[in-house]
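# Close look at the chain arrangement
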Amino acid sequence: MSTVPEDAVDSLAAGLEGDLLTPTHPDFAVSTLIWNATIRKRPALVVRPSSTSDVAKTIEFAREHELELSIKGGGHNIAGLALSDNGITLDMSRFNRVEVDTGNATARVGSGCTLGVVDQATQEHGLAAVLGFVSETGVAGLTLGGGFGYLTRQFGWTVDNLVEVEIVTADGQVRRASREVNPDLFWALRGGGGNFGVVTEFVFRLQQIGPEVTAGLIAWSAEEAEGALDLYRTVTATASREMTVVVLMRNAPPAPWLPADKHGQPIIGMVVVHTGTSEQAAADLAPIRSYGNPWADLIQLKPYVAQQSMLDATQPKGMHYYWKSEFLADLSDQLLETVRAQFVGMSAPANQVTIFHLEGALGEHDEDDGAVGNRDAAYVCAIAAASAGPEAVATNREWVREAWDAIRPFSTGGNYVNFQTEDEETARIGDSYRGNIERLAKVKASYDPTNLFRVNRNIAPISGEG
């Protein structure tokens, strides 16, 4: 920032409806606080815009002074893409309005909203957007990376339910994009991340879900893991789309729903969400609830918003996180044996291996229906580590990478761009988009030819010729 004249900074501040924050401002620390404490970045300036005009002015300022520009929605990205060292950050937290149109079953959602804000607003009308599964996640990052959650099996990726966006592009222009208006841009935004501009508003198609669903966690001793994983494969192979089941292996947390003598012991659990009738749910969940000797069974009829925030306590802001993930086409015997082996002897209290069932509606779209692609993904396997302090980061990173290496042979070849870590190899970006990557690069050249928006899983612009 030493190359930016002080009077230019003052001029930007004077022209904003919102705020410009320097490191001495009392709100600077809050605006630069992100979820993953492993990431250590400090922008020189933060703009907290109150209007699309503010966003456009900030983009023009960054372009004119050749500053790295980052965009913070929820700040929940594992790679810390909300911040850029010594650059300028747009903190979109004031874009936090949700307007529900019950007649059209749509919602206009500001790009500073978290999932929890949207869920609360839509559930007042018995409607839900197809979003993720941790309520403090930012809507913008989740959506632009494709997005999946408990409703994906019924309704596809989050971006399959995206109707329209408002975006400020690198030239400072405010544009709308949909399947009919700027369709090339809309295609790229449906999975291509923050490469194409600053989205200020999303319009989502809503689904009739809730206000209650049958959902919760059931857990057994890890000694029952072999049978539980086989059961998981059997159940998910024939599951109705109203049911999503996530299997996880970890050490038991010190939670009140477990006896004290079970705390810290290895467990295998299933998180289930069923959006059908109580009778359908009881029948579909019977094989799971009758299996083995559960240490806990918390499955019940509960508010959808409660289920959407159930995992929040396992993902608190300020811990040191490190992940790797792969999309899977199926669950072979060898794959399940490999998954189980990764957790044997694991002593870390918060590390876990998870398999999330995705197969369903997403496979009914063409592979190039949106940049997200990966329509062949039936499951996603995530190997995740977390620690309260930095002392375990190196050990956790080693465990994650070794487990990831073991899982990779079973991958579809694709992976979820939102789960890519800061150290992710550049090649993995291409793996995320596979056959869609060249088209993305050409759209990038049309809307951001100088790669102003590069603090992301970056897609470099290429000419449309050749």
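Shown above is the structure to which this text applies.
Below, the structure is looked at part by part. These figures come from a predicted structure and were not determined experimentally.

A few words now on the sheet that holds strand E10 (residues 198-205). The sheet built from five strands is open, its strands ordered E5-E6-E10-E8-E9 with antiparallel pairing. Sheet topology places strand E5 (98-101) and strand E9 (174-178) at the edges, where each strand pairs with a single neighbour. With strand direction ignored, the average angle separating the axes of adjacent strands in the sheet is 15 degrees. Taken together, the six bridges between strand E8 (residues 162-168) and E10 define a ladder with antiparallel strand orientation. Each bridged residue has a counterpart across the sheet, and for Val168 the counterpart in E10 is Val198.

Here we come to unusual backbone geometry. Cis geometry is adopted by the peptide bond preceding Pro211, which originates at Gly210 and carries an omega value of 10 degrees. We note that Asn182 has phi near 45 degrees; this positive angle belongs to a residue other than glycine. On the secondary structure map, Asn182 appears in the loop between E9 and helix H7 (183-189).

Counting buried positions along strand E14 (residues 266-274) gives eight out of nine residues, so the element sits mostly inside the fold. Direction of pairing for strand E12 (residues 212-221) relative to E14: antiparallel, over a ladder of eight bridges. Note on E14: the bridge partner recorded for Thr214 is His274. As judged from the nine bridges shared by strand E13 (residues 243-251) and E14, these two strands associate in the antiparallel manner. Within the sheet, the bridge partner assigned to Val247 lies in E14 and is Met270.

Turning our attention to the nonpolar core. Grouped burial of nonpolar side chains is what soluble globular proteins tend to show. Grouped together as the largest cluster of nonpolar side chains are 71 residues, with contacts concentrated most on Phe148, Leu189, Phe202 and Leu358. Ranked by the residues each element gives to this core, the list is headed by H7, at five residues. Those residues in contact with Leu189 that sit more than four places away from it in its chain are Thr143, Leu144, Val165, Ile167, Ala177, Phe196 and Val199. In this structure, Leu231, Ala239, Ala281 and Leu335 belong to the second largest nonpolar core, which totals 43 residues.

Checked against the element boundaries, Glu201 lands in strand E10. On the accessibility criterion, Glu201 (18% relative accessible area) is buried. A distance of 2.9 Å separates the side chain of Glu201 from the side chain of Arg108, its partner in a polar contact. Sequence-distant contacts of Glu201, defined by excluding residues within four places in its chain, comprise Arg108, Val109, Glu164, Val165, Glu166 and Arg176.

Calculation rules
- Residue indices begin from 1 for each chain and proceed along its sequence in written order.
- Only residues with pLDDT of at least 70 are given local features in this predicted model, and only at 80 or more are side-chain atom pairs given and counted; all residues enter the totals for whole chains, interfaces and linings.
- Hydrogen atoms and water are omitted, and side-chain values are computed over all heavy atoms in the structure.
- At least two bridges found by DSSP between two strands is the condition for calling them paired.
- Helix and strand definitions follow DSSP, with helices as H or I runs of at least four residues and strands as E runs of at least two, each counted in order from the N terminus.
- Convention adopted: a line fitted to C-alpha atoms gives each axis, helices being fitted over their contacting stretch, and angles between N-to-C directions are expressed from 0 to 180 degrees.
- Here the term buried applies to any residue with accessible area under 20% of the maximum for its type, exposed to any over 50%, and partly exposed to those in between, with areas from a 1.4 Å probe on protein chains only.
- Buried Ala, Val, Leu, Ile, Met, Phe, Trp, Tyr and Cys residues form a nonpolar core when they are joined through side-chain atoms within 4.5 Å.
- In this analysis, two residues are considered to be in contact whenever any of their non-hydrogen atoms come within 4.5 Å of each other.
- Polar contact is defined as a pair of N or O atoms within 3.5 Å, subject to the rule that within protein one atom must be able to donate a hydrogen and the other to accept it, and that residues adjacent in sequence are counted only when both atoms are side-chain atoms.

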